[in-house]
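Coordinate analysis (summary)
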2 protein chains.
Amino acid sequence: MTLHRVSISTAVEACRVLEKLGYVEAKPRVGYFVRGPMQAQSRVRGVLEKDAHETGQRIDPADYVGVHERISVTLARGLQNPLKVDLAGAVCAPALYPGAALRDNMLRILRARSSLYDSAPRPDGVRKLKEAISRFSVSRGMHVDSDAILVTHGCSEALSLALRAVAGPGDVIAIESPTYFGILQVIESLGLKAIEIPTHPHTGISVDALEFAITHMGSIQAVVCMPSVQNPLGSVMPDAMKAKLAELCEKHDIAVIEDDTYGAFLPSPANSKPVKAWDKSGNVIYCSSLNKSLSPGLRVGWLIGGKWHKKIEMLMYAVSRHREEMSQLVVADFMAGSAFHRHMRRLNALLTQQRTQFVEAILKHFPAGTEVTRPEAGLLVWIRLPGELNADRLFESALCEGIRICPGSIFSNTNKFTDCLRLSYGMPFDARIESALKALARLARET
Amino acid sequence: MTLHRVSISTAVEACRVLEKLGYVEAKPRVGYFVRGPMQAQSRVRGVLEKDAHETGQRIDPADYVGVHERISVTLARGLQNPLKVDLAGAVCAPALYPGAALRDNMLRILRARSSLYDSAPRPDGVRKLKEAISRFSVSRGMHVDSDAILVTHGCSEALSLALRAVAGPGDVIAIESPTYFGILQVIESLGLKAIEIPTHPHTGISVDALEFAITHMGSIQAVVCMPSVQNPLGSVMPDAMKAKLAELCEKHDIAVIEDDTYGAFLPSPANSKPVKAWDKSGNVIYCSSLNKSLSPGLRVGWLIGGKWHKKIEMLMYAVSRHREEMSQLVVADFMAGSAFHRHMRRLNALLTQQRTQFVEAILKHFPAGTEVTRPEAGLLVWIRLPGELNADRLFESALCEGIRICPGSIFSNTNKFTDCLRLSYGMPFDARIESALKALARLARET
Ligand SMILES: Cc1ncc(COP(=O)(O)O)c(C=O)c1O
Ligand SMILES: Cc1ncc(COP(=O)(O)O)c(C=O)c1O
């Protein structure tokens, strides 16, 4: 009360919060006492799992039944503390996106109109945008008619629609291991079952292991993968493997759902085509978005539905109707010329530099034996801590210092990655980032 | 070939299309012959259901397995012909929406910004909009904290999220009969089962019948209803029935999913509260949107999730992340002052006038014995044709004359409404609308 000049009720409430977090303990009729560090840590662990309490909100796993309790609790917990440095979000710093140019585009489009939103645009997406995406696809080595494209609310909606189109409750979906946690949530929320296929930091999903699973594990309905710049590993599949994957799945009538969110981050995208380029029969559903590459505030994504095109179009109409028009027009303008390609060249050059500095700092500060990926593109590194270090615990103690990371546990339904974490190097490397990495390294040692 | 100056291949293709549509028949080695009208009609029926073929695209029900084939085929068929008059869409004419004011709002917001979309807004919705919705809710007789609101991609996404939160594959959902076809599609696509509860054109869903179903039909997981201005009937439940519905469902632990899309169309919204106003335990999920009332090009809807708030928030984050920001800000500005209320007063006055003219024209032109609702609000009428008249056939023949209607069959999984149709009076009543109604009346007689 004296030190912080607060009232008695504030002080008591603060003690209660600290008690919940395990930093102090209440002794009956005596008062609150600071706990020893190890006691605090183990208590913190329990807090994360059972009753995390910081801003006064209890996190109850029961609130998230059906949406992957474990992942949901971690995501919700990550939103509770005030953040100083966010290394968890797979996103670049705002200054790295062309926000001013997009604003100018929108102003220009608006000035030419007398009215807004007074009628509904086409449910499949604004024509101009679909044409721009069709042309952009050429730079990814694909020739796609604009009519084959459906504009979605980001890649999230695209993935969710794709899964709903090809599989129903109880069906088995092969996924990469580790994989992007959003996919695990969508799979669970649809009552689907996931089977995890080993995935290599350099070459991506193991097609051999997938073939083995297909032959020995009974029917698999679809495989969801990120052949170009996998999240979290950053791996890029060799062309031969992509061709093999397309062929294998076609032969066994297994739908391929390809997430190419990070394809635009490749140094020369046309040289590393998506699996969709090997698709002969419409068996690959291609999903992508501009929310990582062009700007996180957009909700523009798209998919190429192959033989499920009509079904997905109808499903999308049933669950969300058409999309807001202005953001589509703004992006269409930006993609129609060379602006998008210039932006990506600049962004990728910056990211390459940030990656080098980021990885060096990790190797310098983290405990000896720490392994870290050096992906050829994207904005994420995957780290394996040495010894028995637990990344869930690190997540919690980092959060208490205002640093958010992604613990490896949310990238799998197994416990294979509890010693891993995913960090984003999307923000320019500076003293603030370096000191966050130092703090993480210190906490890792203390954990 | 001579008459239309076309090539032989064009002429043959035209004959093939006409054959598909049932207007001509091919006699081997002799040529194409015009069919008698009755033959043509019954063939057309088959076309609609099995292989409609007009603009050259085959509609194959197999494309829509899992998204309600029958409804999907009808919706897809409705998009094939060039339209002169659309009486199917539940939407007002563009001029009736405040498109110019919304544009000005957006311009003003944009001018004050230097950048756009360079970071993601809050996933639960822009604060300003949530606050505006919270204040607006008071005019619907509800007191809702802005934190209890989630902004969605229209009411469609709200309904879909609500169903996913409360029910899983195989669960039984009670619905109104007839009901809005989008709900039937979402229910089927989620592997849920629908049980239809009789619904009255004046008083809405029969709470007695619902109670009977609950007692005798085994477990019902949720009930989806539109207590205020039902689609398609336009019915408004009496307050006593709403209270009873809320109590009944709470007692039996059945979630109420309330679709209040047309609530804002009520003459005095505060006097006819939603069922949510009687909710004591968070058992009612309230869904609404501005796409009918404020502007169809928006995708702004929202829900109040009650005890499922956190689950729905997480599910929404998994399937579509946050929403585009500008449209939310534009609407927030419009709703913050009195502009929205003034708009709705004006719109409702116009709709009342249009409804009178529209219903009079129907009574004047349609065959004797035609029944038509006179809803107290909204933009839809529900018509029952006399005798054995089939509305699916009328849908098809009207489409061939460039008029689109909604056949009653898409509002139910039963065949109780095959002699019904839903028409929208959202467009100002003029000679074009009147002649479309005359044409429909003529076709009804011919069918
Ligand atoms: C691999 C991957 N797919 C999909 C998404 C979601 O993309 P969007 O923001 O376009 O919905 C993400 C975002 O983190 C991602 O990393
Ligand atoms: C009763 C009802 N609910 C929901 C919807 C879908 O609303 P939205 O356009 O906001 O997704 C409609 C649109 O036709 C409707 O009539």
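Thresholds, definitions, all that
- Residues numbered from 1 in each chain as written.
- Chains lettered and ligands numbered in written order.
- Predicted model: local features only at pLDDT ≥ 70, side-chain atom pairs only at ≥ 80, totals over all residues.
- Heavy atoms only, no water.
- Near = heavy atom within 4 Å.
- Polar contact = N/O pair within 3.5 Å; in protein donor to acceptor, adjacent residues only side chain to side chain.
- Areas by Shrake-Rupley, 256 points an atom, 1.4 Å probe, with all protein chains shown as cover.
- Helix = DSSP H or I, 4+ residues; strand = E, 2+ residues; numbered from the N terminus.
- Nonpolar A, V, L, I, M, F, W, Y, C, P; charged D, E, K, R; others polar.
- Domains from an automatic or database assignment.
- Least-squares fit on C-alpha atoms with pLDDT ≥ 70 in both.
- Contact = heavy atoms within 4.5 Å.
- Pairing = 2+ DSSP bridges.

1. Brief notes about the site of ligand 2
- Taken together, 14 residues surround ligand 2, and among them Ser156, Asn231, Asp259, Tyr262 and Ser289 of chain B come closest.
- Near ligand 2, the surrounding residues belong to chains A and B.
- Here a nitrogen atom of ligand 2 and a side-chain polar atom of Asp259 of chain B are 2.5 Å apart.
- Protein contacts shield 96% of the accessible area of ligand 2, which totals 400 Å² for the unbound molecule.
- Examining the composition of the shell around ligand 2, we find that three residues originate from one element, helix α6 (residues 154-166) of chain B, more than from any other.
- Here the residues of the shell around ligand 2 are counted per class, giving four nonpolar, six polar and four charged.

2. Things to note about the domain arrangement of chain A
- Domain annotation of chain A identifies domain 1 (8-51), domain 2 (85-90 + 341-446) and domain 3 (118-337).
- Taking the mean C-alpha position of each, domain 1 of chain A and domain 3 of chain A sit 46 Å from one another.

3. Describing the relation of the copies chain A and chain B
- Its rotation angle being 180 degrees, the transformation that places chain A on chain B also includes 0.2 Å of axial translation and leaves an RMSD of 0.6 Å. On this basis, the relationship between the two copies can be described by a two-fold rotation axis. Residue Leu107 of chain A, judged by its C-alpha, is the member of chain A lying nearest the rotation axis, at 3.2 Å.
- Taken together, the interface assignments show that 100% of the residues at the interface of chain A recur at the interface of chain B, consistent with an identical surface on both copies.

4. Remarks on the sheet that holds strand β15 (residues 406-407) of chain B
All names here are of chain B.
- Judged by pairing direction, the sheet is antiparallel, and its four strands sit side by side in the order β12-β13-β16-β15 without closing on themselves. If you trace the sheet from one side to the other, it starts and ends with β12 (371-372) and β15, each paired once.
- Pairing of strand β13 (residues 380-384) with strand β16 (residues 420-424), which is carried by five bridges, proceeds in the antiparallel orientation. The residue bridging Ile383 from the neighbouring strand is Leu421, located in β16.

5. Quick notes on the site of ligand 1
All names here are of chain A.
- Around ligand 1, 13 residues are found, and the nearest of them are Ser156, Asn231, Asp259, Tyr262 and Ser289.
- One of the side-chain nitrogen or oxygen atoms of Thr261 is found 3.4 Å away from a nitrogen atom of ligand 1.
- Burial of ligand 1 by the protein chains amounts to 96% of its free accessible area of 400 Å².
- Looking at the shell around ligand 1 element by element, the count peaks at three residues for helix α6 (residues 154-166).
- Classifying every residue of the shell around ligand 1 gives four nonpolar, six polar and three charged.

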